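This is what each chain is made of:
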Amino acid sequence: MERTSVDSRSIRRVSGLSTPEVNERRRRDGQNVLPSQRPPSPWRVFAEQFVHFFAIMLWAASGLAIIAGMTELGIAITLVVVINGVFAFVQEHRAERAAEQLRELLPKRVTVRRDGTTREIDATELVIGDVVLIGPGDRISADLEIADSHGLRLDISLLTGESAPESIEAGETVYAGTFVVEGQATGIVRAIGSETRLGEIASLTRARERPETPLHHEINRLVRVIATVAVAVGGIFFAVSVALGTDPSVGILFAIGVTVALVPEGLLPSVTMSLAVGAKRLATENALVRRLESVETLGSTTFICTDKTGTLTQNRMAVVEAWTPTGRARIEGDGYEPRAQIEADDDTLSVLREMGSVAARCSTGDIERRNGEWIAHGDPMEAALVTFARRLNVDVQERTRANPEVRRFPFDPRRRRTSVLTKDRLLVMGAPEAILERADYSDVDTSVGYGRGDVSTAVSEMAERGLRVLAVATRPENEVFPDADIESIESDLELLGLVGLEDPPRPGVAEAVSASKDASVRTAMITGDHPTTARSIAEQIGLLGEEGLVVEGDDLPEDDQVLGALLDRDGIVVSRVSPEDKLRIARALQDRGHVVAMTGDGVNDGPALQEADVGVAMGRSGTDVAREAADLVLLDDDFGTIVTAIKQGRATFYNIKRFLTYLLTDNVAQLTPFVVWALAAGQFPLALGILQILALDIGTDLLPALALGSEPPSEDVLQQPLEAEHLIDETVLGRAFGVLGPAEATVEMTAFVVALAAFGWVPGGPFPEHSELLAASGAAFTAVVVGQMANAFACRSTTRWPGDLGWTSNRLLVVAVVVELLALLAFLFIGPIARVLGHAPPPLEGMFIALLAAPAVLVVDAIHKRLRTMGSS
């Protein structure tokens with residue numbers, strides 16, 4: 001909290017604003033509401049799923065089918081559009097509401113003093129200058145300047161991430177969104193609505209829309225390409241059919257058939273389900289996904305900006321070393337256990353006890369024994385300082401009773417110190433540089449034998465060992481005046497010594513950092529700690545890059561392009577950063593083409609989390625607003641979980657390419673009958689009808705595609721670089737249109753011709769009878785489905801034979817293929833279904849050829865993979 005120069009004695013006498021003053025200020029400043037951005041109506045979001053290019057194309061096909069008298073076909077296509085739209089809506093409806101969460105932090109009612117009386121009003125009616133009365137349980141409704149305080153303690157975790165309540169004295173500023181833990185106070189409103197610190201955060205959160213995910217961009221691109229090609233080819237087929245003298249209604253039928261054959265109707269449901277499977281797996285790994293698309297975005301991540309404390313380290317602190325003018329000490333203990341072994345001489349022990357007493361009284365944390373184990377209550381660092389005092393046998397409560405607290409000045413980021421004023425002395429603890437700048441060395445050098453240079457050297461040595469260093473000081477008795485301002489009180493300090501706290505790296509974090517390097521993902525440590533401490537931890541876990549670059553937040557370049565160039569390297573450490581710095585860092589790296597994952601835990605981190613491509617919030621130590629702004633919440637606050645999430649994201653990316661190859665391969669087989677018909681100038685019978693194609697897309701294609709979307713990640717998935725920036729690349733197109741698709745289509749058309757030949761038909765002769773054509777079409781349909789089954793196993797890998805992966809290692813795929821086989825039998829042998837689809841059970845000759853589709857696809861796939869392996873070697 002900030003301290004101001006308010007004259008509390010004069011404010012106590014005021015009766016509050018008059019009604020005319022309130023009205024005038026409300027007209028001038030508006031209502032006390034946070035900036036808002038009304039979210040789109042769910043109905044509008046739902047409707048948008050049915051009007052994009054992909055959907056419009058299928059609507060048109062459905063309409064043309066109904067106009068041409070094919071009502072069943074029109075209904076079938078409409079059903080496909082509806083299914084896709086519902087899946088897409090469920091995915092889209094997960095949009096974040098960070099700004100809404102911030103607005104909800106304001107209370108509905110507040111007690112004020114106006115016109116000399118106390119009254120309760122709506123919080124939105126507060127104006128600048130209002131006198132506000134606050135008590136236990138109240139949430140602060142505007143930025144207030146405290147006029148008088150009676151034991152006031154605030155929970156400010158929403159703004160700072162600090163879990164321990166802060167004591168607030170008269171003259172300090174408190175901020176909207178915090179709430180009163182205990183005590184009472186009177187405050188004067190200094191800022192309302194968007195002018196409050198909370199309002200500034202809300203403005204930043206909504207100022208820029210969340211960036212489009214790589215997957216969303218790719219799906220939109222894919223839909224546009226496929227839809228454009230499908231419409232263009234359908235139009236060409238219509239023109240060809242009319243030119244050949246075909247009735248226009250038949251030409252429309254062929255155009256619709258070609259369009260539907262080229263569109264992978266199961267694409268969007270398969271994408272959504274693949275992301276859902278990835279999210280479910282991440283939940284079992286302590287990572288909660290709040291936006292489905294973020295699963296794939298994680299796989300595209302190229303840069304991680306991570307906090308240090310609690311993410312790379314255990315956030316389980318302990319004082320392990322101390323420096324005093326009389327000597328050094330080492331402390332060896334177990335966690336927060338009050339007993340420890342202390343190595344120090346008698347003179348140093350005496351100073352250590354005084355240091356322990358001062359540090360503990362400046363702390364608000366504590367330790368408690370629970371289930372046989374001592375644990376931290378409140379801030380882990382302050383709990384460690386209380387433990388330090390207990391290990392020195394210091395009775396803090398007894399010292400507090402003997403010399404009670406008169407006034408407290410809590411820690412704030414500007415002063416970087418905490419002070420407690422007792423009846424006869426001042427106790428101070430804080431960052432070494434913040435203490436040393438207020439210390440008095442006028443008579444220390446001669447009486448004790450040390451100077452500021454000696455202290456700075458000790459600080460550097462301790463920080464180089466990865467310790468977090470705090471300085472402890474006092475001000476001599478009878479030299480402190482309680483009514484003075486804080487700057488005067490915190491002066492002429494006498495340094496007692498330094499304490500070094502250890503927050504060891506998390507187990508396994510070094511391996512996780514190494515894994516991120518193997519995945520070609522760059523990592524930066526973004527921390528508020530001392531640069532030397534940050535460097536030491538970065539070195540211990542193998543994060544610090546070869547250049548060993550450590551930059552302080554105050555030294556970051558103002559120009560964003562220069563900032564991006566400075567940061568764009570692996571293993572950089574940025575210390576003493578602010579939340580605003582994190583926002584700039586995310587934008588600068590994105591401008592250089594990186595997909596950025598940013599961690600954070602406080603309210604101020606909200607804008608940076610939302611700006612990043614993947615915002616990662618802490619589940620244990622983070623605030624609600626940080627979690628609301630994030631895409632991913634780490635339930636264990638562990639950096640290793642981020643790497644695990646990237647691994648699953650990579651697997652999801654490859655899974656989407658797997659089922660995309662599968663779907664496009666089958667589209668080749670579905671399109672081939674229309675291509676043959678066109679090349680034969682309409683003199684060759686059409687092997688498949690449109691309803692058969694829809695049955696293939698929805699009835700038999702979909703389940704194997706979903707199963708491929710749930711393929712578990714391979715052990716070396718992080719070592720495999722992303723093959724391309726786009727889902728459709730040379731590998732996908734080559735396998736679908738050059739290898740697997742032609743193999744499946746060849747068997748399909750062969751089965752069709754053999755079945756017709758069994759009835760005595762020869763090419764160029766009279767068209768076969770209707771019943772014969774139905775049976776031959778059944779053979780072609782069977783060949784496509786059987787080929788699909790083999791194709792599903794072939795698409796599990798672009799380099800390995802399915803047998804090497806294990807035919808049953810993806811159990812969902814085995815189940816999907818069994819269901820596909822049962823669906824085939826139903827489509828062929830249940831009369832009403834077969835009649836609607838327009839086929840019949842094939843003759844034995846056609847069935848035999850159709851069953852060869854499976855070995856044909858697998859053999860061609862094996863040859864292609866072998867040639868690729870030989871070519872790459």
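In case you missed it, the structure is sitting above this.
Just so we're clear, the structure is a prediction, and the values are computed from it rather than from any experiment. (Residues numbered from 1 in each chain as written. Predicted model: local features only at pLDDT ≥ 70, side-chain atom pairs only at ≥ 80, totals over all residues. Heavy atoms only, no water.)

**Brief notes about the packing of helix H27 (residues 690-709) against helix H31 (residues 811-829)**
Right, so step 1: H31 packs onto H27 with a crossing angle of 170 degrees between their chain directions and a minimal axis gap of 8 Å. On the basis of their axis angle, the class for H27 and H31 is roughly antiparallel. Contacts between H27 and H31 involve Ala695, Gly699, Thr700, Leu703, Pro704, Ala707 and Leu708 on the former and, on the latter, Leu812, Leu813, Ala816, Val819, Glu820, Ala823 and Phe827.
Right, so step 2: A per-class count over the contact of H27 with H31 returns eleven nonpolar, two polar and one charged. (Axes fitted to C-alpha atoms, helices over the stretch in contact; angles between N-to-C directions. Helix = DSSP H or I, 4+ residues; strand = E, 2+ residues; numbered from the N terminus. Parallel < 35°, antiparallel > 145°, perpendicular 65-115°, else oblique. Contact = heavy atoms within 4.5 Å. Nonpolar A, V, L, I, M, F, W, Y, C, P; charged D, E, K, R; others polar.)

**Points about the pattern of salt bridges**
Right, so step 1: One pass over the full model with this rule turns up 26 salt bridges.
Right, so step 2: Taking the shortest distance from any N to any O, the salt bridge between aspartate 130 and arginine 114 comes out at 2.6 Å. Of the two residues, aspartate 130 sits in the loop between strand E3 (117-122) and strand E4 (131-134) while arginine 114 sits in strand E2 (residues 109-114), which places them 16 residues apart along the sequence. Of the two residues examined, aspartate 130 and arginine 114, each falls in the buried class.
Right, so step 3: In this structure, the salt-bridge partner of arginine 339 is glutamate 337, at a minimum N-O distance of 3.2 Å.
Right, so step 4: For arginine 339, a relative accessible area of 64% gives the class exposed. (Salt bridge = Lys/Arg side-chain N within 4 Å of Asp/Glu carboxyl O. Buried < 20%, exposed > 50% of the residue type's maximum accessible area, 1.4 Å probe, protein only.)

**Thoughts on the sheet that holds strand E11 (residues 318-324)**
Right, so step 1: With respect to topology, eight strands assemble into an open sheet ordered E13-E12-E11-E20-E19-E18-E17-E16, the strand pairing being antiparallel. Lying at the two open borders of the sheet, with one neighbouring strand each, are strand E13 (340-343) and strand E16 (405-409). Taking the axes of each pair of neighbouring strands and ignoring which way they run, one obtains an average angle of 20 degrees across the sheet. (Pairing = 2+ DSSP bridges.)

**Quick notes on the nonpolar core**
Right, so step 1: Core analysis: the biggest nonpolar cluster contains 121 residues, and Leu632 and Phe639 have the highest contact counts within it.
Right, so step 2: Top element by residues in this core is helix H26 (residues 639-679). It accounts for 17 residues.
Right, so step 3: If you look at the next biggest cluster of nonpolar residues, it comprises 32 residues, including Ala322, Tyr336, Val394 and Leu496. (Core = buried A, V, L, I, M, F, W, Y, C linked by side-chain atoms within 4.5 Å.)

**Quick notes on a nonpolar patch on the surface**
Right, so step 1: Together, Val818, Leu821, Leu822, Leu825 and Phe829 make up an exposed nonpolar region whose accessible area comes to about 460 Å².
Right, so step 2: Following the sequence through the fold, leucine 821 ends up in helix H31.
Right, so step 3: On the basis of relative accessibility, which here comes to 40%, the residue leucine 821 falls in the partly exposed class. (Patch = residues over 30% accessible without salt bridge, like charges linked within 9 Å, V, L, I, M, F, W, Y side chains within 5 Å. Areas by Shrake-Rupley, 256 points an atom, 1.4 Å probe, with all protein chains shown as cover.)

**Overview of unusual backbone geometry**
Right, so step 1: For asparagine 393, which is not glycine, the phi torsion reads 60 degrees and is therefore positive.
Right, so step 2: Structurally, asparagine 393 can be placed in the loop between helix H14 (380-391) and helix H15 (396-402).
Right, so step 3: Overall, asparagine 393 belongs to the exposed group, its relative accessible area being 68%.
Right, so step 4: With a phi close to 50 degrees, aspartate 492 is a non-glycine residue in the positive phi region.
Right, so step 5: Mapped onto the fold, aspartate 492 is located in the loop between helix H19 (486-489) and strand E20 (494-502).
Right, so step 6: The exposure class of aspartate 492 is partly exposed, given its relative accessible area of 40%.

**Overview of helix H33 (residues 844-851)**
Right, so step 1: Within H33 the residues assigned to the buried category are Gly846, Met847, Ile849 and Ala850. With its buried residues spanning 165 degrees around the axis, H33 presents them on a single face. In H33, the exposed positions angled more than 90 degrees off the buried face are occupied by Leu844 and Phe848. (Arc of directions from axis to C-beta.)

**Focus on the packing of helix H28 (residues 730-758) against helix H29 (residues 770-794)**
Right, so step 1: Axis separation between H28 and H29 bottoms out at 8 Å; the angle between their running directions is 150 degrees. Between H28 and H29, the crossing angle belongs to the class labelled roughly antiparallel. For the crossing formed where H28 meets H29, the hand is right-handed. For the pair H28 and H29, contact is made by Arg735, Leu740, Glu744, Val747, Glu748, Ala751, Phe752, Ala755 and Leu756 and by Glu772, Leu773, Ala776, Ser777, Ala779, Ala780, Ala783, Val784, Gly787, Gln788, Asn791 and Ala794, respectively. (Left-handed = near helix turned anticlockwise from the far one by under 90°.)

**Digging into the pairing of strand E10 (residues 303-306)**
Right, so step 1: Going residue by residue along E10, you find Phe303 and Cys305 tucked away on one face and Ile304 and Thr306 tucked away on the opposite face as well.
Right, so step 2: Sheet analysis places E10 next to strand E21 (residues 522-526), joined by four bridges and oriented parallel. Residue threonine 306 lies in a different strand from E21, and its bridge partner there is methionine 525.
Right, so step 3: The pairing of E10 with strand E24 (residues 596-600) spans three bridges and is parallel. Each bridged residue has a counterpart across the sheet, and for isoleucine 304 the counterpart in E24 is alanine 597.

**Details of the packing of aromatic side chains**
To describe a pair of aromatic rings, you give the distance between the ring centres and the angle between the ring planes.
Right, so step 1: Per the stated rule, a full pass over the model turns up six aromatic pairs.
Right, so step 2: Geometrically, the ring pair formed by phenylalanine 653 and tyrosine 654 is edge-to-face, given 5.8 Å between the ring centres and 70 degrees between the ring planes.
Right, so step 3: Taken together, a centroid distance of 6.1 Å and an interplanar angle of 75 degrees make the contact between phenylalanine 781 and phenylalanine 827 edge-to-face. Here phenylalanine 781 is found in helix H29, whereas its partner phenylalanine 827 is found in helix H31, with 46 residues between them in sequence. Here the two residues phenylalanine 781 and phenylalanine 827 agree in accessibility, since each one is buried. (Phe/Tyr/Trp six-rings, centres within 6.5 Å; stacked < 30°, edge-to-face > 60°.)

**With respect to the environment of phenylalanine 674**
Right, so step 1: The topology assignment puts phenylalanine 674 in helix H26.
Right, so step 2: A relative accessible area of 1% means that phenylalanine 674 is categorised as buried.
Right, so step 3: Separated by twelve residues in sequence, phenylalanine 674 and leucine 686 place their C-alpha atoms 6.7 Å apart.

**Describing the environment of valine 260**
Right, so step 1: Of note, valine 260 is situated in helix H10 (residues 248-262).
Right, so step 2: With relative accessibility at 0%, the residue valine 260 sits in the buried group.
Right, so step 3: In sequence terms valine 260 and alanine 227 are 33 residues apart; their C-alpha atoms lie 9.8 Å from each other.

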